[in-house]
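Structure assessment
Single-letter residue listing:
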Amino acid sequence: LAKTTQPISMDSYEGQEVNITCSHNNIATNDYITWYQQFPSQGPRFIIQGYKTKVTNEVASLFIPADRKSSTLSLPRVSLSDTAVYYCLVGPSRGAGNMLTFGGGTRLMVKP
Amino acid sequence: EPEVTQTPSHQVTQMGQEVILRCVPISNHLYFYWYRQILGQKVEFLVSFYNNEISEKSEIFDDQFSVERPDGSNFTLKIRSTKLEDSAMYFCASRVAGANTGELFFGEGSRLTVL
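Residues numbered from 1 in each chain as written. Chains lettered and ligands numbered in written order. Predicted model: local features only at pLDDT ≥ 70, side-chain atom pairs only at ≥ 80, totals over all residues. Heavy atoms only, no water.

A short note on the packing of aromatic side chains
Each aromatic ring pair is summarised here by two numbers: the centre-to-centre distance and the angle between the ring planes. As enumerated under the stated definition, the model contains 16 aromatic pairs over all chains in all. Their ring planes at 55° and their centres at 5.6 Å tell us that Tyr 36 of chain A and Phe 102 of chain A sit as a pair that is tilted. With a gap of 66 residues between them, Tyr 36 of chain A in strand 3 (residues 32-38) and Phe 102 of chain A in the loop between strand 8 (84-91) and strand 9 (106-111) connect regions that are remote in the sequence. For the pair Tyr 36 of chain A and Phe 102 of chain A, one class covers both residues: buried. With a centroid separation of 5.9 Å and 85° between ring planes, the pair formed by Tyr 36 of chain A and Phe 106 of chain B is classed as edge-to-face. Placement of Tyr 36 of chain A in strand 3 and of Phe 106 of chain B in strand 10 (residues 105-106) is noted, with the two residues assigned to different chains. (Phe/Tyr/Trp six-rings, centres within 6.5 Å; stacked < 30°, edge-to-face > 60°. Helix = DSSP H or I, 4+ residues; strand = E, 2+ residues; numbered from the N terminus. Buried < 20%, exposed > 50% of the residue type's maximum accessible area, 1.4 Å probe, protein only.)

Below is the structure:
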């Protein structure tokens, strides 16, 4: 299984851009990179997914270098409501078995 | 927007009792998952289910756990003889077919408290 490494926590201020980087050195050829957001006492919520280069949607961008050994989630102009834990996942692994494993996540604190 | 629903939202039980947590995945999804999250810790994979059988399970998913899809809509997690350390949030998730998508849709969770 591809293991992911993220910073444990980050602080930011409202209106700033936040970049959270995830390392996944042993990512497999078929693995996608997916990011989730989780608020306290709620289920994780899908943010964005990519395979290579750059992906952008209405809430975030995902940058993936050519070697795919890392990825960066970019949140433009964060607000207080973006305070949450952000998880980077790599997979699904093992083909049709589809194990998707969460790492420790990054706790983002947005301050006024 | 379709969503994964879980019941009960909170269950309190005595140690040694059996618990069944229920989930209704999104209707056209084919892959189903259970995760748990102990308070303050990360989300842990328990089991994935596809085509009416378990496809992957973690070390946590031992003989006291079982999953079932008893009809076309429900997906259940049974804990046979609960222990104190089973106290956690249990999340159900589902996704569409296709081997290369990691987009899981999660329910709001069932909080289990074992006394």
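A closer look at the nonpolar core
Side chains that are nonpolar tend, in soluble globular proteins, to be buried together. Counting 21 residues, the largest nonpolar core has Trp 34, Leu 46, Phe 61, Val 67, Phe 75, Leu 77 and Tyr 90 of chain B as the members making the most contacts within it. Within the residue set of this core, elements represented by two or more residues are strand 3 (19-24), strand 4 (31-37), strand 5 (44-50), strand 7 (65-68), strand 8 (75-79), strand 9 (88-95) and strand 11 (110-114) of chain B. If near-sequence neighbours (up to four positions away) are discounted, Tyr 90 of chain B is found in contact with Gln 6, Leu 21, Trp 34, Tyr 35, Arg 36, Leu 46, Phe 65, Leu 77, Ile 79, Gly 109, Ser 110 and Leu 112 of chain B. Counting 20 residues, the second largest nonpolar core, distinct from the first, contains Ile 20, Ala 60, Leu 73 and Leu 75 of chain A. (Core = buried A, V, L, I, M, F, W, Y, C linked by side-chain atoms within 4.5 Å. Contact = heavy atoms within 4.5 Å.)

A short note on the interface of chain B and chain A
The interface of chain B with chain A comprises 25 residues on the first partner and 22 residues on the second. The contact between chain B and chain A buries some 2,000 Å² in all, and 53% of this surface belongs to carbon and sulfur atoms. Between chain B and chain A we count 0 salt bridges in total. Mapped onto the side of chain B that touches chain A, the elements with two or more residues apiece are strand 4, strand 5, strand 6 (53-57) and strand 9 of chain B. Among the elements that take part in the side of chain B that touches chain A, strand 4 of chain B stands out by supplying 4 residues, more than any other. Taken together, the residues of the side of chain B that touches chain A sort by class into 10 nonpolar, 8 polar and 7 charged. (Buried area = accessible area lost by both parts, 1.4 Å probe. Salt bridge = Lys/Arg side-chain N within 4 Å of Asp/Glu carboxyl O. Nonpolar A, V, L, I, M, F, W, Y, C, P; charged D, E, K, R; others polar.)

Quick word on the state of the cysteines
Tallied over the entire structure, the rule returns 2 disulfides over all chains. Here Cys 22 of chain A pairs with Cys 88 of chain A through a disulfide, and the sulfurs are 2.2 Å apart. Because the torsion about its S-S bond is -75°, the bridge between Cys 22 of chain A and Cys 88 of chain A counts as left-handed. Note that Cys 22 of chain A is positioned in strand 2 (residues 18-23) and Cys 88 of chain A in strand 8, a separation of 66 residues in sequence. Each disulfide pairs two cysteine sulfurs, and for Cys 23 of chain B the partner residue is Cys 92 of chain B, the sulfurs being separated by 1.9 Å. Looking down the S-S bond of the Cys 23 of chain B and Cys 92 of chain B bridge, the torsion is -65°, so its handedness is left-handed. Here Cys 23 of chain B, found in strand 3, pairs with Cys 92 of chain B, found in strand 9; they are 69 residues apart in sequence, far enough to count as distant. This pair shows no difference in class: Cys 23 of chain B is buried, exactly as Cys 92 of chain B is. (Disulfide = S-S within 2.5 Å.)

Looking at unusual backbone geometry
With an omega of -10°, the peptide bond running from Thr 7 of chain B to Pro 8 of chain B counts as cis. Residue placement: Pro 8 of chain B occurs in the loop between strand 1 (5-7) and strand 2 (10-13). Phi at Arg 68 of chain A takes a positive value of approximately 60°, unusual for a residue other than glycine. Summarising the element assignment, Arg 68 of chain A is placed in the loop between strand 6 (61-64) and strand 7 (70-75). Note on Arg 68 of chain A: relative accessible area 8%, which makes it buried. In this structure, Arg 77 of chain A is a non-glycine residue whose phi angle is positive, near 50°. Within the secondary structure layout, Arg 77 of chain A lies in the loop between strand 7 and strand 8.

Everything listed here is a matter of coordinates, which is why it stays silent on function.
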